[in-house]
Amino acid sequence: MATQSIRTVDFGGKFSGSCDWTRITKELDEGLSEMGFVYLKNTGISNEKVEQAFKASNAFFNLNSSIKATYEKDFIKKMDVMDGVYPGYTPAGAELEGDAEYEHKESFDICGSMRIYPDDQVPNFREDFTALEDELRNLTLRVAGILGLALGLSDSEYFVKNLTHIQKKEVIGTTTLRALYYPSLNDELAKYESAARCAAHTDYGLFTLLLMDVDAVGLEVKLVINF
């Protein structure tokens, strides 16, 4: 089967009046219309902050399972204080997408007003992820504004104006910063007929910003014809 390349949209390294917004809008529009996915390049997000967040994430996921379990979502839900948005840890096999019988991945969600951080185990986790989240907020609002232009909305700032929980931290929303970890494969997976690392799915929300480990492979994008 022939494969298609995912388009790359170069933001030029900074958001300013010198950016070629006409080109960026056109390329983002064409890329999302064709594939639903694009690579964003030179967005201005600090590589150092991304690397620090990845290191903090790995430090948490490499903890003993019994320690990680104290941050599990099911446990946190019983506290009944999360405004309907549940942060915390999800172990392998606890979350399923599509037709998968088992998913070999772990995650840690940062969301809502009552955030959960593994401060006792990974002291820099909160600081590193908060720093990255602040930069992703800015990029989210820029991309939302470009989407308004690409769609030709009468109010091109429509999405930006309605992403109030992105602009103001005190406003509760379902937007989630999620750290993902895919453990090494093991013999235990052989007992499942339909095991996956992360089965085919569609994310919720306006769009997803995905930061990939430079050594990560395996992401697949399904091309939907006549969507």
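Look up: the structure comes first, before these words.
Attention in this report is confined to the structure presented alongside it. Sequence order as written defines the numbering, with residues in each chain counted from 1. The model is predicted, so local features are restricted to residues of pLDDT at least 70 and side-chain atom pairs to those at 80 or more, both for listing and for counting; the totals for chains, interfaces and linings are taken over all residues. In computing side-chain values, all of the structure's heavy atoms are included and hydrogens and water are not.

## A word on the overall build of the protein chain
What the protein chain contains, in helices and strands, is 7 helices and 7 strands. For every residue, the accessible area obtained with a 1.4 Å probe (protein chains only) is divided by the maximum for its type, and the residue is called buried under 20%, exposed over 50%, and partly exposed between those limits. Across the 227 residues of the protein chain, 31% fall into the buried class. Contact definition: two residues touch when any of their heavy atoms are within 4.5 Å. Within the protein chain, contacts between residues separated by at least 24 positions form 66% of all contacts whose residues are at least 6 apart in sequence. The Shrake-Rupley method, run with a 1.4 Å probe, gives the accessible areas here. Residue values count only the displayed protein chains as cover. Entry remark: accessible area of the protein chain is about 14400 Å², with carbon and sulfur atoms responsible for 50%. The helix count covers DSSP runs of H or I at least four residues long, the strand count covers runs of E at least two residues long, and both are numbered beginning at the N terminus.

## Looking at the environment of D119
Tracing the chain through its elements places D119 in the loop between β5 (106-110) and α5 (125-150). Leave out the neighbours within four places in its chain, and D119 touches Y71 and R126.

## Re the sheet that holds strand β3 (residues 88-90)
Strand pairs in the sheet, formed through backbone hydrogen bonds, run parallel or antiparallel to each other. When DSSP locates at least two bridges between a pair of strands, those strands are taken to pair. Read across the sheet, 3 strands follow the order β3-β5-β6 without closing on themselves; strand pairing throughout is antiparallel. Each edge of the sheet is formed by a strand with only one pairing partner; in this case those strands are β3 and β6 (177-181). Neighbour to neighbour, the strand axes of the sheet diverge by 20 degrees on average, direction disregarded. Bridge count for β5 against β6 is 5 bridges, and the pairing is antiparallel. Across the sheet, the residue bridging to D109 is R178, located in β6. Structural elements are reduced to axes, namely lines fitted to C-alpha atoms, with helices fitted over the stretch in contact, and the angle between N-to-C directions of any two is expressed from 0 to 180 degrees. Packing against the sheet, α5 makes contact with β5 and β6, and its axis sits at approximately 120 degrees to β6.

## Points about unusual backbone geometry
Despite not being glycine, N42 shows a phi value in the positive range, around 55 degrees. For N42, the position within the fold is in the loop between β2 (39-41) and α2 (47-61).

## Some remarks on the nonpolar core
Soluble, globular proteins show a tendency: their nonpolar side chains are buried together. Think of a nonpolar core as a cluster: buried Ala, Val, Leu, Ile, Met, Phe, Trp, Tyr and Cys residues, connected wherever their side-chain atoms sit within 4.5 Å. In this structure, L28, F60, F108, I110, F125 and F129 are the most contacted members of the largest nonpolar core, which totals 35 residues. Here the element with the most residues in this core is α5; it accounts for 9 residues.

## Section: the pattern of salt bridges
Basic side-chain nitrogens of Lys or Arg form a salt bridge, by our definition, when they fall within 4 Å of a carboxyl oxygen of Asp or Glu. Per the stated rule, a full pass over the model turns up 13 salt bridges. Put simply, E27 and R23 hold a salt bridge, and the shortest N to O gap is 3.0 Å. One end of the pair is E27 and the other is R23, both in helix α1 (residues 21-34) and 4 residues apart, which spans about a single turn. Judged by its relative accessible area of 21%, E27 falls in the partly exposed class. Here K49 makes a salt bridge to E135, at a shortest N to O gap of 3.0 Å. Here E135 lies in helix α5 and K49 lies in helix α2, a separation of 86 residues in the sequence.

## Remarks on a nonpolar patch on the surface
To count toward a patch, a residue needs a relative accessible area over 30% and no salt bridge; like charges are then connected within 9 Å, while nonpolar side chains (Val, Leu, Ile, Met, Phe, Trp, Tyr) are connected within 5 Å. On the surface, F37, L210, M212 and L219 cluster together into a nonpolar patch covering about 340 Å² of accessible area. Its location among the elements puts M212 in the segment after β7 (195-196). On the basis of relative accessibility, which here comes to 36%, the residue M212 falls in the partly exposed class.

## Re the packing of aromatic side chains
The criterion for an aromatic pair is that two Phe, Tyr or Trp rings (for Trp, the six-membered ring) have centres within 6.5 Å, with stacked assigned to planes under 30 degrees apart, edge-to-face to planes over 60 apart and tilted to the rest. Taken as a whole and judged by the stated rule, the model has 10 aromatic pairs. The interplanar angle of 75 degrees and the centroid separation of 5.9 Å between the aromatic rings of F60 and Y71 together place this pair among those described as edge-to-face. Of the two residues, F60 is situated in helix α2 and Y71 in the loop between α3 (65-68) and α4 (73-77); the sequence distance between them amounts to 11 residues. Judged by its relative accessible area of 11%, Y71 is buried. Relative to F125, the ring of F108 has its centre 5.2 Å away and its plane inclined at 65 degrees; by these criteria the two rings are edge-to-face. Here the residue F108 occupies a position in strand β5, and F125 occupies one in helix α5, the gap between them amounting to 17 residues.

## Quick look at the side chain of S57
Here S57 shows up in helix α2. The contact partners of S57, leaving out residues within four places of it in the chain, are F125, F129 and A179.

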